[in-house]
Amino acid sequence: MSLVQYSAPSTLAEALQALAGGAANRPLAGGTDLLVQVKLGLRDPQHIVDLKRIPELTALTLDDNGLRLGAAVPGAIVTTNREIARIYPGFTEALGLIGSSQVQGRCSAGGNLCNASPAADCVPALIVNRATCHIAGLGGERTVAAEDFTTGPGTHCLEDGEILVSLELPRPAPRTADAYLRMIPRTEMDIAIVGAGVALTLDESGVCTDARVAIGAVAPTALLVPGAAAALIGTTLDEDSLRNAGYAASGAAVPITDKRGTADYRRKVVGVLVRRAAAIARSRIEQPT
Amino acid sequence: MNDSVKTDFKYVGTRPVRPDGPDKVTGRAKYGADLNLPGMLHAHYVRSPYAHAVIKSIDFSEALKLPGVIATMTGEDLPEPGDKLMQGAEIEMKLSDMAPVVMARGRAMFHGHPVAAVAATSASLAAEAAALVRVEYEVLPHVIDMHAALEDDAPLLHADLITTGLDPAPTVPSNLSVDLALEMGDVDLGFADADVVVERTYSVPMCHQGYIEPHAAIASADETGRVEIWCCTQGPFMVRNFTSQLTGIEPGKIKVTASEIGGGFGGKTTVYIEPVAAVLALKSGRPVKVVLSREEVFRATGPVSCSETRVRIGAKKDGTLTAIDIDIVMDSGCYSSSSIMPATMFGAACYRCENQRSRGREVLTNKPRVWAYRAPGAPQSIMAVECAVNELAEELGIDPVDFRLHNAVEEGDIPVFGLPFQAIGYKKALQAAKEHPHYQAPLGPGQGRGLASAFWINSGQQSSATINIALDGAINVLTGNPDIGGSRASMALLAAEVFGVPVETVHPTVADTDSVGYCDGTGGSRTTLATGGAVIQAAEKLVLELRHRAAAIWGVDLDEVEWVDGKAVARTTGDLENLMDAGAAVQLENREMSLVELAETSGATGGPLSAVASLHAHNSAPAFAINICDAAVDRETGKVDITRFTCIQDAGKAVHPAYVEGQMQGGAVQGIGWALNEEYLYDENGVLENPGFLDYRMPVASDLPMIDTVIIEEPNPLHPYGIRGVGEVPICPPMPAVATAVNRAAGTALYDLPLSPPKLLAAIDRAVE
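What counts, and at which threshold
Residues numbered from 1 in each chain as written. Chains lettered and ligands numbered in written order. Predicted model: local features only at pLDDT ≥ 70, side-chain atom pairs only at ≥ 80, totals over all residues. Heavy atoms only, no water. Phe/Tyr/Trp six-rings, centres within 6.5 Å; stacked < 30°, edge-to-face > 60°. Helix = DSSP H or I, 4+ residues; strand = E, 2+ residues; numbered from the N terminus. Buried < 20%, exposed > 50% of the residue type's maximum accessible area, 1.4 Å probe, protein only. Lys NZ or Arg CZ within 6 Å of the ring centre and 35° of its normal. pLDDT = per-residue confidence, 0-100. Contact = heavy atoms within 4.5 Å. Arc of directions from axis to C-beta.

A. Broad picture of the packing of aromatic side chains. Residues and elements named next belong to chain B. One pass over the structure, following the stated rule, counts 19 aromatic pairs over all chains. Ring centres 5.4 Å apart and planes at 80° place the aromatic pair phenylalanine 298 and phenylalanine 693 in the edge-to-face group. On the criterion of sequence distance, the pair formed by phenylalanine 298 in helix H9 (residues 294-300) and phenylalanine 693 in the loop between helix H20 (657-676) and strand S26 (707-712) is long-range, its members being 395 residues apart. Overall, the relative accessible area of 1% leaves phenylalanine 298 in the buried class. The class of phenylalanine 693 is partly exposed, set by a relative accessible area of 27%. The interplanar angle of 35° and the centroid separation of 5.5 Å between the aromatic rings of phenylalanine 417 and phenylalanine 455 together place this pair among those described as tilted. Separated by 38 residues along the polypeptide, phenylalanine 417 in the loop between helix H12 (400-407) and helix H13 (426-435) and phenylalanine 455 in strand S16 (residues 447-456) bring together distant segments of the chain. For phenylalanine 417, a relative accessible area of 15% gives the class buried. The buried category is assigned to phenylalanine 455, whose relative accessible area is 1%. Taken together, Phe346, Phe417, Phe421, Tyr426, Phe455, Trp456 and Phe624 form an aromatic cluster joined through their ring pairs. In this arrangement the basic side chain of arginine 18 is found over the ring face of tyrosine 659, its NZ or CZ atom lying 4.8 Å from the centre.

In structure tokens:
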């Protein structure tokens, strides 16, 4: 480790200046990935730029337009907000799955996106909630859909010097709910072998009018699966439709075999989790808490 | 029962707060890495990037150019080990199999093998310097899988390795280091007599003890060559002996102080870093600290043998066993040291069966040399036998507890390893299992239940204790056994019992090797039995001395003075007949002196109250344990939930029952982890893929139900307080109990552990097809 500089600017403009000049300058939010990677010798940053003093990155607003979440807002702030949990239960649960209670005090949805792990828990949940990512750079601002943010394992669409500032989740339509499930061999402190997020909208008669399905840990990035959504839309979410959504998800998956699980296993189980997550989302609409 | 075994206790069997508790929960306790010394250097290892390679040269010149890099070390800095046997090792092993584990000698035998070390003024500088050390390797073919290592064309790990245990000995070298067999009766005849025979092969993966505290040590040397070592170990005297033999420093010149210890489970009954710290301290003239990272602990300390066991068991229709045949193969890593002997001997020790055969083979591979883990060797073979017994009982339609009761060993039986059983609590434990509410409870949908029993031999070995009584009657108990599982509390209770004083007045200390007599390590389930035995003896010597003092003060004979509840009491006073003659009322004036009063006056009655006892304990007795496990299986994902788990164990006298229960629960959890998800995963280059707790999946607290415990107390007839060992047998029954429960829940016959979700789901799908 040869870190030579640490800074904690209080404005976005200062942070962008500090980060300009190459990949050796690393932004820091909660540090729950970066510090571990530095300790393991996987990264050797020269200049760490702490983003937690920048208002845009730590702000959280929830209103009729939806949720605007600063990229460095800690998981615990989100998961303990009952209103967020009521409107986005699946996203809240997914974010709450990251790490331990101690890690929750630091980790953030924005960090989870930027770390760009294919198994990131809150990314499928962001995708099904139609989240957009607000990005700032010295050259200006831009937005990207959550499903287009990561480009591969450990890589994303940010240019050197750009910062993910915030995430915006639109307010869901009436009778909409989401759910996220992951498969780990234990109950916590683990990384998803398979993840599945589903968001559904039902009409008054129980027919699905809109659906989003996203899957994690079964491809180089989390995948939006329109085919799985199509299997649900227009149905009453009967057992066959749920199964068909699962098959579509399994068909879309392009998993690998690694130390955490086999490709066959991931392909099979992603379908199971999509089916189960859809059933949970439906029950949340029909029996709101 | 032997009358000399005490059964009536006042303090033993109670549950006082442990003496080391406050220091541990407040963070005051000092662990291995907590000591720092002025002028201290930090060492960092250079490790092999290859699973097998000749080390052609090591060049420190670039590293030494960094200011602050003070000393370097290679395998050449340790003396040539020769053919000597290690002194003080629990199992017979050669120094030449030990020295290269500490530092490679000419060849790197596994990925992560220490090849060199550098000491520098800071840890980060030492790491930087280690990266600058140029090592030239000639890469050799490697072998990771133990079956592949037995193939004729396998890379040979040691050109001179001739299998031991075979007669005649083979003439050509191989990777088969040990091949041994035990037999009694006529196994072929036994199978011919059987109505039902079960035959199956069981595999258990390589795992790690997973102690929470990585190895840490600091060594310093003075100008006369005396070396002091502070380290996290299960045995400071073992560290002194092993370090001496490995470095050539005389044992009398080494003083070892054990820090508090964050777990060992057998993994800290040897040395890795202590000789390196000592050599670098001698070379640099400065204290040298070595702290391993978690990754280094996983890659390059002693994990636990994987095994494959073929079992064949036959029984009559009424359930009577007629023959047991076990054939176990274990992987020892790159040097011989596996627990093949106990694995071969103890797999079927729970069963009375006159026809038994057991073969054990140890194989060498390019992995770290394995080391002990609670009841070393037994879990692997017991896993196989118990699963087969469950299958046999099921096939015969006999309840698994009744089947075991029918075939259980008892006092007088002679097992295949030849040591006749004395009084044992196995049948009582089986009865308790049968009557336990868990065993009676109905299973939920999708659940399965498994039961397994287990035996472990337990050890005795050498121990010492010193007791000093302060002027206020406070009792200081010194032993040389690091406190892993509550041994300070046990030592305090045993001393309190002998002296008849409240346990809070006893202060147990884990002393350094200069301050107390020799103690073998805290391991082998021996500390409460053997070191506790020394404490009892030293305390009894002092009670005798206290009676002498009181007798002298009162001017009476020794046998007129009793020791009752912490006091010397004169049995009678005056001459009874004279008093009768005088017609006076009989006055039995009770003369008493408390321990405090005797201690206060000790300076005037003969000097300090102090006693030492040393012993070689040959009075250990085996332990038996039974586990009942309920498991639920998600048939679509292969995920297992352990829904209920009960441990029943014959502990002999449970000195501090809470810590006996802690041992039972800890062993259960470790066994559950080994059965479900823990395993060493190697890639094709022989590199461990999961050297951390994220991907080496030990259970976390939320994975488990409360582990229920039942202690059976069948006193050890050979021990004055009836104590048996308790620490090891708890890890023996969980794997077969879990495997049986899971297979019953899933409708599978998967006996290739771990039962991780991908493997179990594939088995479920195969069973459905």
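Continuing now.
B. Examining the confidence of the model for chain B more closely. Residue and element names in this part refer to chain B. A residue-level look at chain B finds 97% of positions with pLDDT of 70 or above and a mean pLDDT of 96. Note that pLDDT drops below 50 for residues 582-588; the model gives that stretch five contacts with residues more than four away or on any other chain. As a predicted assembly, this complex carries a pTM of 0.96 together with an ipTM value of 0.95.

C. Spatial organisation of the environment of Arg106(A). All names here are of chain A. Along the polypeptide, arginine 106 turns up in the loop between helix H7 (101-104) and helix H8 (109-115). Relative accessible area serves as the criterion here: at 43%, arginine 106 is assigned to the partly exposed category. A C-alpha to C-alpha distance of 22 Å links arginine 106 and alanine 18, two positions 88 residues apart in sequence. Ignoring any residue separated from it by four or fewer positions in sequence, one finds arginine 106 in contact with Gly30, Thr32, Lys52 and Pro74.

D. Spatial organisation of helix H1 (residues 12-19) of chain A. Residue and element names in this part refer to chain A. Residues Leu12, Ala15, Leu16, Ala18 and Leu19 constitute the buried set of H1. The buried side chains of H1 occupy one side of the element, clustering within an arc of 160° when seen end-on. Counted as exposed and oriented over 90 degrees from the buried face of H1: Ala13 and Gln17. With its phi angle positive at about 110°, glycine 21 sits one or two positions after the end of H1.

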